Amino acid sequence: MRATVRRRVIAAIGTAALCCTAAAATAAAQPTYYDPEISHCDHLFRTPLETPRPGAAVYWSPFGSTGIVCYDNGTGVADYYQRDPSGAWHDMNELLPGQFFYNIFGTGIPDAAHWR
């Protein structure tokens, strides 16, 4: 009876160790770095006062449509930011389709990215 219990305990410990090893191997196979990129995207936007251009969304900003970047963090979802004249980044929010609005609160997200 004791030998049976001892074998089961040893088998349980061995199984747990095997599962931990497999989980560690799977975790090691995943990418271990985060490498966001930014690139210029001024051409994708226009101010409300400019004449419409095909493929250009309207951007309501006190700074016009300059200093806009595309932020690629690897998720496939486009994020856009604009740098104001003092150097702070501001998120661009799309509240209506094709209508982007300036966010007054600054962010430092694009500072962690490198230029493409």
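Residues numbered from 1 in each chain as written. Predicted model: local features only at pLDDT ≥ 70, side-chain atom pairs only at ≥ 80, totals over all residues. Heavy atoms only, no water.

Draft legend 1. Representation of the overall build of the protein chain. Scanning the protein chain from terminus to terminus reveals one helix and eight strands. Counting from the amino terminus, the protein chain carries its helices and strands in the arrangement α-β-β-β-β-β-β-β-β. For the protein chain, the share of sequence-separated contacts (at least 6 apart) that also reach a separation of at least 24 residues comes to 42%. Accessible surface computed for the protein chain: about 8100 Å², of which carbon and sulfur atoms make up 63%. (Helix = DSSP H or I, 4+ residues; strand = E, 2+ residues; numbered from the N terminus. Contact = heavy atoms within 4.5 Å. Areas by Shrake-Rupley, 256 points an atom, 1.4 Å probe, with all protein chains shown as cover.)

Draft legend 2. How the structure looks around the nonpolar core. Formed by Cys41, Phe45, Ala57, Tyr59, Ile68, Cys70, Tyr80, Met92, Phe100 and Tyr102, the largest nonpolar core amounts to 10 residues. Counting residues per element, the ones that place at least two in this core are strand E3 (57-60), strand E4 (68-72) and strand E7 (99-107). Discounting chain neighbours no more than four positions away, the residues touching Phe100 are Phe45, Ala57, Val58, Tyr59, Trp60, Tyr80, Met92, Asn93 and Glu94. Counting six residues, the second largest nonpolar core, distinct from the first, contains Ile38, Tyr71, Tyr81 and Trp89. (Core = buried A, V, L, I, M, F, W, Y, C linked by side-chain atoms within 4.5 Å. Buried < 20%, exposed > 50% of the residue type's maximum accessible area, 1.4 Å probe, protein only.)

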